[in-house]
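Architecture and fold: a report
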Amino acid sequence: MTDPDAIVRALEKHNLSREGTVLGHESGMLSGWLSREILALGWNIVCMDARACSAALSVRTNKNDRNDAQGLAHLLRTGLYREVHIKDEELVAIQTLMCCRTQAVKQLRNLENTVRGTLKGHGIKIPQRLGHVRFIEAVQDAICDIKDIARKSVESLLRVAKTLNEEIKALD
């Protein structure tokens, strides 16, 4: 279950107190967010390395969710786990920005290469390393003499490239 409010409601339903209770869960894609949310609700929580937990739980004969939960609780009680550091929200936001910018730059490069490849079919070669503005100018100058349908298609890609470039600048 990855709904922090539902988890807290279930804990409170069983009369568990925030002071003496330590929650534990395995690391995963949502573990950082889940840990931060539950901490914000006032509960103590530990994120345990999933690979180490999996190795410890693999020796159990009857593998199911209930037995896994009991095994994780045992690891938590005995301290036989490796804690995973949870990144703070500011760092996660910066990483998101960097990831999105990197992806936008890759998409722009792919788009420009698609335009280059498309124009080669018309005998037009656009030089590498022009920079975005000079690239668009070079393509616009080069496509004057190609068929209308091809020119409109390339112009469409240039508009997308221009928008992508503007978004990259906004992320900078």
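For the structure given in this document, a descriptive report is provided here. (Residues numbered from 1 in each chain as written. Predicted model: local features only at pLDDT ≥ 70, side-chain atom pairs only at ≥ 80, totals over all residues. Heavy atoms only, no water.)

This brings us to the nonpolar core. One finds Leu119, Ile126, Phe135, Val139 and Val154 to be the most contacted residues of the largest nonpolar core, which totals 13 residues. Mapped by element, the contributors of at least two residues to this core are α5 (89-120), α6 (132-142) and α7 (148-171). Phe135 has contacts with Glu112, Val115, Arg116, Ile126, Leu130 and Leu158, leaving out every residue within four places of it along the chain. Ranked by size, the runner-up nonpolar core spans eight residues in total, among them Val8, Ile38, Trp43 and Ile45. (Core = buried A, V, L, I, M, F, W, Y, C linked by side-chain atoms within 4.5 Å. Buried < 20%, exposed > 50% of the residue type's maximum accessible area, 1.4 Å probe, protein only. Helix = DSSP H or I, 4+ residues; strand = E, 2+ residues; numbered from the N terminus. Contact = heavy atoms within 4.5 Å.)

Our focus in this paragraph is a nonpolar patch on the surface. On the surface, Met29, Leu30 and Trp33 cluster together to form a nonpolar patch covering roughly 380 Å² of accessible area. Structurally, Trp33 can be placed in helix α2 (residues 31-40). Looking at Trp33, the relative accessible area reads 35%, which means it is partly exposed. (Patch = residues over 30% accessible without salt bridge, like charges linked within 9 Å, V, L, I, M, F, W, Y side chains within 5 Å. Areas by Shrake-Rupley, 256 points an atom, 1.4 Å probe, with all protein chains shown as cover. Salt bridge = Lys/Arg side-chain N within 4 Å of Asp/Glu carboxyl O.)

As for its position among the elements, Ser35 is in helix α2. Overall, the relative accessible area of 2% leaves Ser35 in the buried class. Those residues in contact with Ser35 that lie beyond four places of it in its chain are His25, Ile45, Cys47 and Ile86.

Structural measurements only, silent on function.
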